[in-house]
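# Analysis of the macromolecular model
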Amino acid sequence: MDQFWENEYVKTAGDYSVVILSLVVFLAIFELVTKYNNWDEIKNGNIAVAMATGGKIFGIANVFRHSIMHNDSLLTMIVWGVYGFILLLIGYFIFEFLTPKFKIDEEIKNDNRAVGFISMIISIGLSFVIGAGIS
């Protein structure tokens, strides 16, 4: 049975499944902390929300990429992925805190694409820093 779990195809499918599940859970958490409904806004054509959400998806996936590359066990990979997500979430709150002249969520909801773009770049950039820390 050990040979089955060590098969590269099985390991890849397992990693993929865990990351997809984690992505769904983490996006639901992001949905709770934002003041708008991501998927309704995207459905209505809000590009700023699409960019910010896309940055979050990329960021989470990139953190898990590094976690998969540098950890042998599934449990360790999950722990590092969750830790990386928490750091991304903290980065989101720091971004909100460092912009006292306007509310990030309100600007993104109002389709301010400049704010959506910066939000996307922050998520992506922080994911590389977090990934380097995992390495």
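Residues numbered from 1 in each chain as written. Predicted model: local features only at pLDDT ≥ 70, side-chain atom pairs only at ≥ 80, totals over all residues. Heavy atoms only, no water.

### Things to note about a nonpolar patch on the surface
Basically, it comes down to this: Nonpolar side chains (Val, Leu, Ile, Met, Phe, Trp, Tyr) within 5 Å and like charges within 9 Å form the patches, drawn only from residues with over 30% relative accessible area and no salt bridge. For the area figures, the Shrake-Rupley method with a 1.4 Å probe applies, and any residue is considered shielded solely by the protein chains shown. When a carboxyl oxygen of Asp or Glu lies within 4 Å of a side-chain nitrogen of Lys or Arg, that pair is called a salt bridge. A helix here means a DSSP run of H or I that spans at least four residues, while a strand means a run of E at least two residues long, and both kinds are numbered starting from the N terminus. Partly exposed residues are those whose accessible area sits between 20% and 50% of the maximum for their type, while under 20% is buried and over 50% is exposed, using a 1.4 Å probe and protein chains only.
Taken together, the side chains of Val82, Ile86, Ile90, Ile94, Phe97 and Leu98 make up a nonpolar region of the molecular surface, amounting to roughly 580 Å² of accessible area. Locating Phe97 in the fold gives a position in helix H5 (residues 74–97). A relative accessible area of 66% places Phe97 in the exposed class.

### Thoughts on the side chain of Thr99
Rules: Two N or O atoms count as a polar contact when they lie within 3.5 Å, although within protein this holds only if one can serve as hydrogen donor and the other as acceptor, and sequence-adjacent residues are included solely when both atoms are side-chain atoms.
In this structure, Thr99 sits in the loop between H5 and helix H6 (104–109). Look at Thr99 and you get buried, because its relative accessible area is 15%. Within the structure, Thr99 has its side chain in polar contact with the backbone oxygen of Phe95 (distance 3.0 Å).

### Points about helix H2 (residues 8–33)
As a reminder of what qualifies: The length a helix should cover is 1.5 Å for every residue beyond the first.
Relative to the 38 Å expected for 26 residues at 1.5 Å per residue, H2 spans 37 Å between its end C-alpha atoms, a close match to the ideal helical length. All of the buried residues along H2 are Val10, Asp15, Val18, Val19, Ser22, Leu23, Phe26, Leu27, Phe30 and Glu31. Among the residues of H2, the N-terminal cap falls to Asn7, whose side-chain oxygen and the backbone nitrogen of Tyr9 are separated by 2.7 Å.

### Looking at the packing of H2 against helix H4 (residues 47–70)
As a reminder of what qualifies: Helix axes are fitted only over the stretch in contact, all axes being lines through C-alpha atoms; the angle between N-to-C directions runs from 0 to 180 degrees. Working rule for handedness: look at the near helix, and if it is turned counterclockwise from the far one by less than a right angle, call the crossing left-handed; if clockwise, right-handed. In this analysis, two residues are considered to be in contact whenever any of their non-hydrogen atoms come within 4.5 Å of each other. Note on residue categories: nonpolar means Ala, Val, Leu, Ile, Met, Phe, Trp, Tyr, Cys or Pro, charged means Asp, Glu, Lys or Arg, and polar means any other residue, Gly included.
Packing of H2 against H4 leaves a shortest axis separation of 10 Å and a crossing angle of 140°. By crossing handedness, the relation of H2 to H4 is classed as right-handed. For the pair H2 and H4, the contacting residues are Asp15, Val19, Ser22, Leu23, Phe26, Leu27 and Phe30 in the first and Lys56, Ile57, Ile60, Phe64 and Ile68 in the second. Each residue belonging to the contact of H2 with H4 can be placed in one class, and the counts come to 9 nonpolar, 1 polar and 2 charged.

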